[in-house]
Every structure is written in structure tokens, then in C-alpha cells.
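Structure at a glance
Chain by chain, the residues run as shown.
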Amino acid sequence: MFAQILFILFLHLAGGIIAARATPHGSRWLAWWPGLLWGLLLWVVWGLLLLCVKLPYSAWSMFGGLGIAAIVVLRQLQRARSLSRRDGIEFLASTVLVAIVAAMASRFDYSALSYDSFTQIILGRQLAQFGGFDPACHPALASWGVFVPIAQSASLMIGVDFLYALWPTMAAVFAITFFGICATGLRTLNVGTAMARMMSTIATLFFVSTYFVLFQSFYVHNNLPSAMYLFLAVSCMWLGTTRSERGWFIPGMAAFFGFILLRTESPLYFALFAAPLLWTETISRRTKLLCIVTVSALTVVWYLRLIALIGGGTDILSPTKAWGLMGIIAVFAATSMIPDRPIVRRCMAGLPWLMMFGATALVVGVTVKRPEHMARCMETMGQNIFSDGRWGASWAILLVLIAVAFGLPRFHRQDWWTVGAGVYLAVVYGLGVFREQPYRIGWGDSANRLLTTVVPILLGYVTLRFGAAAAIVTSTPNPARSGRSMALGLGVLFVFLAAVGVNKPVDRARGATVVAQPACPDGHGVDIALRGIVDKEYTAASEPGPATVVFDLGRSLRADRLEMIDYAESEALTDFAWWVSSDQKNWYQIYDTKDRAPDARLTITPLCSRFRMTSAPEFRYVKLDFRGSRGQNRLLLRSVRIYSTPWNNWMRRLEPLVGKPPPR
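An account of the accompanying structure is given in this report. (Residues numbered from 1 in each chain as written. Predicted model: local features only at pLDDT ≥ 70, side-chain atom pairs only at ≥ 80, totals over all residues. Heavy atoms only, no water.)

Looking at helix α6 (residues 115-130)
Across its 16 residues, α6 extends 22 Å between first and last C-alpha, which sits within 8% of the 22 Å expected from 1.5 Å per residue. Restricting attention to buried positions, one finds in α6 the residues Asp 116, Ser 117, Thr 119, Gln 120, Ile 121, Leu 123, Gly 124, Leu 127 and Ala 128. Where α6 is buried, its residues contact α3 (35-52), α7 (138-144), α8 (147-152), α9 (154-158) and α24 (446-450). (Helix = DSSP H or I, 4+ residues; strand = E, 2+ residues; numbered from the N terminus. Expected span 1.5 Å × (residues − 1). Buried < 20%, exposed > 50% of the residue type's maximum accessible area, 1.4 Å probe, protein only. Contact = heavy atoms within 4.5 Å.)

In C-alpha cells form, the structure reads like this:
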């Protein structure tokens, strides 16, 4: 327990002190509050340097190197007398906060671990145990990135199994940093202090209350750290551009390099999000070259070393893909070296539109290449962000706010927030074309987890755009016209929210009462399948052979579709029928494998099937007649859902009056 607390405090102190040397003098909070994030980045970069040049990789070299660097920098700051009383208060307050959060997080292990988590933890312990790269772990470096393994290698050095307290402490630190950056950005856009703090508080609470973000605060993986460092990079670069202060670029590019080390495909995303450096005229050419060429050179050096380590590579990163990523970085760096001429500036000015056009072409191209495969990817991504990906209503609200924001005034250099994020979403969708199977349903799907990376940026964009609009409204000489504009904006927001609400599918089977079921072991009854979630729990009959399940929805209704998720492909149901009834006497057939109605069954994934119910009469009871399956030939299910939308329900009630069939 104490070992983790001390390690986290060491990272925070070293990171804050060293970052204070590079951050703008008037914005030292950027060093003190996210000091843990800077310290962790320094730990990884220092460890990677030792590993690459084959110097001793041990607790002495790691702690000693960072400790000496922090002491030297602190001495320089003292000699220059650049530390104010406010710096000391903020540094002390941030240290106390980190200590409290680390103590709470280390008291009990609430971490969530997956196969990827275990692999990265074991890989980190191998690095520390062998004191360098070991051939057994080289392929894993090409699959999961090097950041998390080097971070977790400290566990062996301090004598713990793994760093379970580090992730929630990082999340808490990032929440405060997110608030500070949003407030600073709003003040930069001339928003009043009180309003800036209020809007930043709302945005921060929205972010930390998102269930999937909260879950990933305890999930040992690279998704949430990627979001942290990318948000730091984009926001620092935007603040440096908007404020014309070069001091913001150093932490911005450092955060970009940390983001690159987190995932093996991140150099591609770096080129997308750092692209505004190319067309922003307020940044000198020398600054552009220092930013782009430095990070690009470090990235290429690491990938050359990685190619030498992995040999033939893995299915995620092969030498061919690594060379392709280095080629993208090289082209990006070479573009920044083009001499500054009027024709070059005109071409660069159109680069944002070219990137968005390329993203659109990518979406269309991959869809045309594998239409059925990509259609399932798109449907799965939509289902994950709106219902099954543990996002709750976050994406629905965020997309509505983005749609409304399009009608608000633009703020200065907002392309830092919009262009990269838009192309990133298209790339995440396009990557599905390389998969043998479409994206999966659930929190573990790679596309679903990759969306975490862009959520803070989109939320920051919405906050800044609404704040800029509010600043214009409060400073306008015509309050009546501004009031009408604000009322129109709120009206549009209400229409969007209403449209989302009336078209959002509702699971009517959730919590239904089981009327009849076969004998099941304890904890595996049919009620498990009616919880509305998909996890490791499942329904299982005790004996093989035919079985009948009947459940009561509690009231009569009509629905759009029934969704069934099998336990496993090897145990999937092969002979069954679904029925509905209003009184358990007269049953209406929805689907039967022996009498297949056209288009009655839609296969979403190998485990997930949907059955249309739009033509069924009003019903209260649902029955499953199970007759056979693969494998053990017994009833095994993970989930049963019955979806309907408020809009379709209203239209069905109006059907006797208007004389029209309900929309499907």
C-alpha cells in the first residue's frame, strides 16, 4: 500500500518540478496539477532510453535518474527565482490531493483487468526482471505499445503485484486538469471568470460521470491514458496558438510523444491531430519545425528499434505496417520543411478541407469494398455508443450538443479541435475493413474503447464553442436580438433532444417476470438473460433437450424487434421458435427455424440475432420453444431483449384513427 503511494508521489513531485521548467511562467498550474501525468511520461521516456541504449534498467537507474534531474531543475528554478509564493501553494495543494487520492485508491484493489491488462502487466515485470528487452516479450511490444509495460515495470521495483492505484489517481488528476484547461480556454475567449468556471465545472462533471470513463479509471489498459495525453497535447497546442505563447508548445509536443508511445498505431493519429501546425500562419516556421521534426524524429528512432526487436512482427504491427507508419510521419515532417511561399500558404489553407474530403472518401471506399462487413461494423458501433458500450446517454447528449454547436459562432483556431477529431472517427470506422470479423458488441470492443480517446476533445470543443457564443451574447449591444438567438438555439436543442428521446429503443424485457423455465443451476435462471446487459453471466438449463421459457412483461404492448444473444458460437441455438401472446392461450408466431419467414431473422454478429415484431399484435407474454442447439444441446443464453421506441408506440395508438399501418 505505502509503496504505491510513495511511488505515485515521487512521479508527481519529479514531474511537476521538471515540467515547471518548460511550462509558461504565468500558467505554472499546468505543471503542478497534472504533475503525475508529466512524471509518468518522464518515467516511460527515461526507461525507454535506458532499454534502447542497453544501459542497466533497474530501480537505481530509474529512480536515480529522475530524482537527480528533478533536483537539478529545482536548483535552477531557485537560482533564477522564478518560483512564486503562489507556485508553492499550488504545488503543495496538488501534492496533498495526489497523496489523498493515492491513499484511497491503494487501500483496496478495485482495478478491472482483462487479457490485455494481464499481458501488459506481465510484460512490464519481464522488462524489470531481465533488466532490458527480452525476446519473449518483443512481439507483445508490437501489439500493446510500450508505455503501459514500462509504467507497470515499477511494480517489481517497489515490490507489489501491479500498480492498481495508479490508474484512478491519474483519472482524478486528469479531471482537475480538464477543468483547468477548459477554464483557461474560456477565459482566453473572453468569457467571464464566473461563467468560465461554471461551464468548466459542468463539462468536468459530465466527463467524470460517464460510466465508461469511470470504468476505465480502474481498467488497466492504454485507452484512458491515451485520451489524457492527446487532450493535453491538443489543448496546449491550441492555447499556444491562440495566446501566441511558445511556452505551451513544449508540454503539447511532450504529450504528443507520450500519446504515440501508448499505442502502436498512434503515429497515424499524431499526424491527424498535429496537422493544424501546417496551416496555422500565426506560428513561425522555426517553431513548426522544432515541434514536428523533434517528435517525428523520436518516433522514427523508436520504430526502427521496434522493427529490430519484433522480427516478423504480429498480426497488429508487422514490419511492413511499421514502415508505413514511419512513412506517414516522414511525409508529415517533410511537409513542414517546405519553404514558406504564397502558393504554399494557399495550398496549406485548403488542407483541412482536403483532410475531411479524404475521411469521407475513406468511409465510402471501405464501405464499397466490403459492404456487408462494414454495415455490421457501423451498426455495432452505433449500438455500442448508444446502448451496449457502457456509455449510457453520454454519446447521445454529446452528439446533440455538437449538432447544435454547428449553428453557433466559430471560435479562434477551432480547427485544432474539429479536424483531427472528425478524421479520427472516420479512421476508427475504416480500420474495421482489415478485421476478419466485424467490430463486436460490448465494452471490450476495440472500436468502442478507441472512442474514449476523442471524447475529452469533443467535450472540450463543445464547451469552448458554447462559451464563445455566450461571450458574444453577453457583450452584444442588442440584447433583444441576442435573446431571440439564444431562444432559437435552445429550441433547436430541445428538438434534437426530443428526436433522440422518441427514437431511442427501450428494452421492454428488462426485469420481466419469469413464468415458466426449465430446471437451472443456482444463479443461471432465465432472469439472468432479462437484465438488459451482456457480461459473463448467462442462463443455463441443467439438462439437455427441449425446454420452454415463458416470461411476463407486466403489461400489454407492441414492439419493434426481439434480440437474442447466444452463450457461444459452439453452443448456439439451432432449432427454436419465438411466440407472443396476450393471455397465454392464443400464441402468435414471431419466428420458427422450421418455418422461416422472409427477413424475419437478422444476424448482427455470430452470437446476436434480431427478429422483427412490427406485424405482431399487442402482447404481454413471450415464449421460447427450445428444441436443439450445437454442443451440449441444452438451453444456453446470455441476453434476451424486446425493443420498442416511443414514436412507434404512439403511431400504433393512432393507427385506428388515421387508418394507416405503423411505420417500421
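Some details on the environment of Gly 545
Mapped onto the secondary structure, Gly 545 falls in the loop between β3 (539-540) and β4 (547-557). Judged by its relative accessible area of 13%, Gly 545 is buried. Gly 545 sits 81 residues away from Phe 626 along the chain, and the two C-alpha atoms are 8.1 Å apart. Beyond its immediate chain neighbours, meaning those up to four positions away, Gly 545 contacts Phe 626, Asn 633 and Arg 634.

Quick look at the pairing of strand β7 (residues 587-592)
Note that strand β6 (residues 573-581) and β7 share five bridges and pair antiparallel. Along β7, the bridge assignment pairs Val 580 with Tyr 588. Two successive antiparallel strands, β6 and β7, enclose a turn made up of five residues, where Gln 584 displays a positive phi of approximately 65 degrees. (Pairing = 2+ DSSP bridges.)

Points about a nonpolar patch on the surface
A cluster of nonpolar side chains, contributed by Leu 92, Val 96, Ile 100 and Met 104, occupies part of the molecular surface with about 410 Å² of accessible area. Note on placement: Ile 100 falls in helix α5 (residues 85-107). Ile 100 gets classed as partly exposed once you look at its relative accessible area, which sits at 45%. (Patch = residues over 30% accessible without salt bridge, like charges linked within 9 Å, V, L, I, M, F, W, Y side chains within 5 Å. Areas by Shrake-Rupley, 256 points an atom, 1.4 Å probe, with all protein chains shown as cover. Salt bridge = Lys/Arg side-chain N within 4 Å of Asp/Glu carboxyl O.)

Some words on the packing of aromatic side chains
To describe a pair of aromatic rings, one takes the distance between the centres and the angle between the planes. Evaluated as defined, the whole model comprises 34 aromatic pairs. For the pair Phe 178 and Phe 207, a centre-to-centre distance of 5.5 Å together with 15 degrees between the ring planes defines the contact as stacked. Of this pair, Phe 178 sits in helix α10 (residues 166-188) while Phe 207 sits in helix α11 (residues 193-209), and the two are 29 residues apart along the sequence. Note on accessibility: Phe 178 and Phe 207 belong to one class, buried. Here the aromatic residues Phe 174, Phe 178, Phe 207, Phe 231, Trp 238, Phe 411, Trp 417 and Tyr 461 are joined through ring pairs into a cluster of three or more. Stacked on the ring of Trp 587, the Lys or Arg Lys 623 has its end atom at 4.5 Å from the ring centre. (Phe/Tyr/Trp six-rings, centres within 6.5 Å; stacked < 30°, edge-to-face > 60°. Lys NZ or Arg CZ within 6 Å of the ring centre and 35° of its normal.)

Side note on the environment of Ser 609
Mapped onto the fold, Ser 609 is located in strand β9 (residues 608-612). By relative accessible area, Ser 609 is classed as buried at 3%. It is 8.3 Å that separates the C-alpha atoms of Ser 609 and Leu 562, two residues lying 47 residues apart in sequence.

Notes on the environment of Arg 346
Structurally, the position occupied by Arg 346 is in helix α19 (residues 342-349). Assessed through its relative accessible area of 60%, Arg 346 is described here as exposed. Arg 346 sits 288 residues away from Arg 634 along the chain, and the two C-alpha atoms are 68 Å apart.

Quick look at the side chain of Gln 414
Its location among the elements puts Gln 414 in the loop between α22 (394-405) and α23 (415-430). In this structure, Gln 414 is in contact with Trp 238, Tyr 461 and Arg 465, ignoring residues within four places of it in sequence.

What to know about the nonpolar core
By size, the foremost hydrophobic cluster in this structure holds 170 residues, and its most contacted members are Trp 43, Phe 273 and Trp 417. Looking at this core, the element that brings in the most residues is helix α13 (residues 223-243), giving twelve residues. (Core = buried A, V, L, I, M, F, W, Y, C linked by side-chain atoms within 4.5 Å.)

A few points about the side chain of Arg 449
Among the structural elements, Arg 449 can be located in helix α24. Although Arg 449 lies buried, it forms no salt bridge, and the closest oppositely charged side chain, Asp 116, sits 4.2 Å away as judged by the N-O distance. (Lys, Arg positive; Asp, Glu negative; His and termini not counted.)

A short note on the sheet that holds β4
An order of β2-β4-β10-β6-β7 is seen for the five strands of this open sheet, with the pairing classed as antiparallel. Taken across any chain shown, the strands that pair with only one partner, and hence form the sheet edges, are β2 (513-516) and β7. For this sheet, the mean inter-axis angle between neighbouring strands, taken without regard to orientation, is 25 degrees. (Axes fitted to C-alpha atoms, helices over the stretch in contact; angles between N-to-C directions.)

Overview of the packing of α3 against α13
Where α3 contacts α13, the axes come no closer than 12 Å and their chain directions differ by 105 degrees. Considering their axes alone, α3 and α13 lie roughly perpendicular with respect to each other. Two secondary-structure elements touch here, α3 through Leu 37, Trp 38, Leu 40 and Leu 41 and α13 through Met 228, Tyr 229 and Leu 232. Among the residues making up the contact of α3 with α13, the classes are represented as seven nonpolar, no polar and no charged. (Parallel < 35°, antiparallel > 145°, perpendicular 65-115°, else oblique. Nonpolar A, V, L, I, M, F, W, Y, C, P; charged D, E, K, R; others polar.)

Topic: unusual backbone geometry
One non-glycine residue, Arg 81, lies in the positive phi region at around 55 degrees. With respect to the secondary-structure elements, Arg 81 resides in the loop between α4 (59-80) and α5. Residue Ser 244 is not a glycine yet carries a positive backbone phi of 55 degrees. Within the secondary structure, Ser 244 sits in the loop between α13 and α14 (249-262). We classify Ser 244 as exposed; its relative accessible area is 59%.

Some details on the pattern of salt bridges
For the structure shown, the criterion picks out eleven salt bridges. The partner of Asp 87 in a salt bridge is Arg 28, and the shortest N-O contact between them spans 3.3 Å. You can see Asp 87 sitting in helix α5 and its partner Arg 28 sitting in the loop between α1 (2-20) and α2 (29-32), a full 59 residues away along the chain. Between Glu 379 and Arg 610 there is a salt bridge, with the nearest N and O atoms lying 2.5 Å from each other. Linking Glu 379 in helix α21 (residues 371-388) with Arg 610 in strand β9, this pair joins segments that are 231 residues apart in sequence.

Digging into the state of the cysteines
Counted by the stated rule, this structure contains zero disulfides. With no disulfide of its own, Cys 236 lies closest to Cys 291 among cysteine sulfurs, the gap being 11 Å. Note on Cys 291: relative accessible area 6%, which makes it buried. (Disulfide = S-S within 2.5 Å.)

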